[in-house]
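Remarks on the overall topology
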Amino acid sequence: MDCDRNCGNCGGCGGRELTLSEEEIRVLRTFGEFPFQPVARKAGEQTPVCREHTFFPETFLGSILLLLEKKGLIALDYDMALGGFSYEAYPDLSVRGSMALTGRGQDVLDLLEINGASPEE
């Protein structure tokens, strides 16, 4: 995704193009609706699990979440559980935390909405 803003390096993207897959855009848009979401993982493993989203297999969704985190669009925090959320769907996962949309992630969502960008473009 390119912001097409005659880049004067505003700092939002560092002057680099950001490429997102259709699947990444779909997951990122859920953060537009729910900026804070639960996440968990098995102790000693790195793949995040979010059982609130069933549109992708669990491990595939975990890979997408890791990609979004690497791109700075979401933050995964295993030291802060989501307040008021029951993790009863995660009995097999001992490390429980939260995920949040970052400022950069919000900027990307805004660009997707303003520019009418879609996964097909």
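Calculation rules
Residues numbered from 1 in each chain as written. Predicted model: local features only at pLDDT ≥ 70, side-chain atom pairs only at ≥ 80, totals over all residues. Heavy atoms only, no water. Helix = DSSP H or I, 4+ residues; strand = E, 2+ residues; numbered from the N terminus. Buried < 20%, exposed > 50% of the residue type's maximum accessible area, 1.4 Å probe, protein only. Contact = heavy atoms within 4.5 Å. Pairing = 2+ DSSP bridges. Expected span 1.5 Å × (residues − 1). Arc of directions from axis to C-beta. Axes fitted to C-alpha atoms, helices over the stretch in contact; angles between N-to-C directions.

For the protein, the count of helices and strands is 3 helices and 3 strands. Each helix and strand of the protein, placed in order from N terminus to C terminus, yields the pattern α-β-α-β-β-α. By the burial criterion, 38% of the 121 residues in the protein qualify as buried. Long-range pairs, those at least 24 residues apart, make up 66% of the contacts in the protein between residues at least 6 apart in sequence.

Let's shift gears to the pairing of strand β2 (residues 74-77). Each regular strand displays side chains that alternate between the two surfaces of the sheet. With burial as the criterion, only one face of β2 is covered, namely that bearing Ile74 and Leu76; the residues Ala75 and Asp77 on the opposite face remain uncovered. Relative to strand β3 (residues 95-101), β2 is paired through 4 bridges, and the arrangement is antiparallel. Residue pairing across strands places Asp77 opposite Ser98, the latter belonging to β3.

Glancing now at the pairing of strand β1 (residues 36-41). With 5 of 6 residues buried, β1 lies mostly within the body of the structure. Taken together, the 6 bridges between β1 and β3 define a ladder with antiparallel strand orientation. Note on β3: the bridge partner recorded for Ala40 is Arg96.

In this section: helix α2 (residues 58-70). The end-to-end C-alpha distance of α2, which contains 13 residues, comes to 18 Å, matching closely the 18 Å that a straight helix rising 1.5 Å per residue would cover. Among the residues of α2, Leu61, Gly62, Ile64, Leu65 and Leu68 are the ones counted as buried. Along the axis of α2, the buried residues cluster in a sector spanning 160°; they form a single face. In α2, those exposed residues whose orientation departs by more than 90 degrees from the buried face are Thr59 and Lys70. At its buried positions, α2 is contacted by α1 (22-33), β2 and β3. Phi turns positive, to about 75°, at Gly72, one or two residues after α2.

Below, the discussion takes up the environment of Leu82. Within the secondary structure, Leu82 is located in the loop between β2 and β3. Separated by 18 residues in sequence, Leu82 and Ala100 place their C-alpha atoms 9.9 Å apart. With residues near it in sequence (within four places) discarded, Leu82 still touches Phe36, Gln37, Pro38, Tyr87, Gly97 and Ser98.

Time to look at the sheet that holds β1. Strand order in this open sheet of 3 strands is β1-β3-β2, and the pairing throughout is antiparallel. Strand pairing shows two members of the sheet lacking a second neighbour, β1 and β2, which therefore form its edges. Looking at each pair of strands side by side, their axes are set apart by 25° on average, direction ignored. In the packing of α1 onto the sheet, the strands contacted are β1, β2 and β3, and the crossing angle to β3 comes to about 85°.

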